[in-house]
Amino acid sequence: MIGLLLGLLRRAGGWRPRLRPPTPDAAELRRDLERVLHDGPALRTSALALELGLLAVTVTDPCQRDRVEAAQHTVRLVLDDLRQVGEALYPPVLPGAGIEPALRSVAERHGLALTLDVAAAGLGADARSRTCLLVADHLRSLRRDTAVAVRVRAGRHLVRVRITEDRPGAAPRRHWAVLRCA
């Protein structure tokens, strides 16, 4: 009976599911993993792509040049994949640019129309990171062409997040979260 009621409320847009923010340890782990991925495999793969480019210029045999260029193309695809994994772990622009540019980057990559209303001045790095990861993870779960409105309000000890999704042909869905910050 309760499941039926929740299902009806959910379809009517009246039920607002609560989102779970990552723990501080999980956010730190994700940041560290993105950094290791960027500073290790991604950098080495980028260097390999450059080296293959230099090699392609020096090869005189057209058949061999085509093979080297094909290998270079494959290495570039691997590099793109590594960057996508890193971005999914932790938006790389977050530490330097902040929440808004990081979320805009995620929304753009996933084809979402994003409206942001962020009043989070004075948030510490941990709260900024956890808030951004919470929203970014949710954005990645949405279908392309979804319009999303994100509202973030930071208080002294709490951050409140509200996300409203408006998918074509469906009732708007609302989600919320409250993060405790130090």
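Residues numbered from 1 in each chain as written. Predicted model: local features only at pLDDT ≥ 70, side-chain atom pairs only at ≥ 80, totals over all residues. Heavy atoms only, no water.

Enquirer: Can you lay out the overall build of the protein chain for me, pointing to particular residues and giving the numbers?
Expert: The secondary structure content of the protein chain amounts to 6 helices and 4 strands. For the protein chain, the sequential pattern of α-helices and β-strands runs α-α-α-α-α-β-α-β-β-β. Its C-alpha atoms give the protein chain a radius of gyration of 21 Å, clearly above 16 Å, the size a compact globule of 182 residues would have. Taking the principal axes of its C-alpha atoms as reference, the protein chain extends roughly 70 × 40 × 30 Å. Residue burial in the protein chain is summarised as follows: out of 182 residues, 35% are buried. Of the contacts made within the protein chain by residues no fewer than 6 positions apart, 62% connect residues no fewer than 24 positions apart. Of the accessible surface of the protein chain, which amounts to about 10,900 Å², a share of 57% is contributed by carbon and sulfur atoms. Of the charged side chains in the protein chain, 29 are positive and 20 negative; the average position of the first set lies 12 Å away from that of the second. (Helix = DSSP H or I, 4+ residues; strand = E, 2+ residues; numbered from the N terminus. Rg over C-alpha atoms; globule rule 2.2 N^0.38 Å. Buried < 20%, exposed > 50% of the residue type's maximum accessible area, 1.4 Å probe, protein only. Contact = heavy atoms within 4.5 Å. Areas by Shrake-Rupley, 256 points an atom, 1.4 Å probe, with all protein chains shown as cover. Lys, Arg positive; Asp, Glu negative; His and termini not counted. Charge placed at Lys NZ, Arg CZ, Asp CG, Glu CD.)

Enquirer: I'd like to hear about the pattern of salt bridges, residue by residue, with values.
Expert: Taken as a whole, this structure holds 10 salt bridges when the rule is applied. Note that R31 and D32 form a salt bridge whose closest N and O atoms lie 3.5 Å from each other. With relative accessibility at 35%, the residue R31 sits in the partly exposed group. Given a relative accessible area of 34%, D32 falls into the partly exposed group. Linked by salt bridges that have partners in common, R30, E87, R109, D137 and R140 make up one network. (Salt bridge = Lys/Arg side-chain N within 4 Å of Asp/Glu carboxyl O.)

Enquirer: Which residues make up the pairing of strand β4 (residues 173-180), and what values go with them?
Expert: Regular strands place side chains that alternate from one sheet face to the opposite one. For strand β3 (residues 158-166) and β4, the ladder comprises 8 bridges, and the chain directions are antiparallel. Across the sheet, residue T164 finds its bridge partner in β4, namely R174. Here β3 hands over to β4 after 6 residues, with G169 in that stretch at a positive phi of 80°. (Pairing = 2+ DSSP bridges.)

Enquirer: I'd like to hear about the packing of helix α2 (residues 24-58) against helix α6 (residues 125-140), residue by residue, with values.
Expert: Their axes nearest at 10 Å, the elements α2 and α6 cross at an angle of 75°. In terms of orientation, α2 and α6 fall into the roughly perpendicular class. Along the contact surface, α2 presents P24, A27 and R30, while α6 presents D126, S129, R130, L133, D137 and R140. Taken together, the residues that form the contact of α2 with α6 break down as 3 nonpolar, 1 polar and 5 charged. (Axes fitted to C-alpha atoms, helices over the stretch in contact; angles between N-to-C directions. Parallel < 35°, antiparallel > 145°, perpendicular 65-115°, else oblique. Nonpolar A, V, L, I, M, F, W, Y, C, P; charged D, E, K, R; others polar.)

Enquirer: Give a description of the environment of S141 that names residues and reports values.
Expert: Positionally, S141 belongs in the loop between α6 and β2 (147-154). Given the relative accessible area of 51%, S141 is considered exposed. Spatially, the C-alpha atoms of S141 and A47 are 33 Å apart, while their sequence positions differ by 94 residues. A polar side-chain atom of S141 sits 2.6 Å from the main-chain carbonyl oxygen of H138. (Polar contact = N/O pair within 3.5 Å; in protein donor to acceptor, adjacent residues only side chain to side chain.)

Enquirer: Before we move on, can you summarise unusual backbone geometry with the specific residues and values?
Expert: In this structure, D145 is a non-glycine residue whose phi angle is positive, near 65°. Along the chain, D145 turns up in the loop between α6 and β2.

Enquirer: Residue-level account of the sheet that holds β3, with values.
Expert: In any sheet, the strands associate via hydrogen bonds between backbone groups, in a parallel or an antiparallel arrangement. A sheet is described by the order of its strands in space; here 4 strands give the open sequence β1-β2-β3-β4, paired in mixed fashion. Two strands in the sheet have a free side with no partner beyond their single neighbour: β1 (113-119) and β4. The sheet shows a mean angle of 10° between the axes of neighbouring strands, taken without regard to direction. Pairing of β1 with β2 involves 7 bridges; the strand directions are parallel. Residue pairing for β2: D117 is matched across the bridge by R151.

In short, the description is geometric, and any link to function would need to be established separately.
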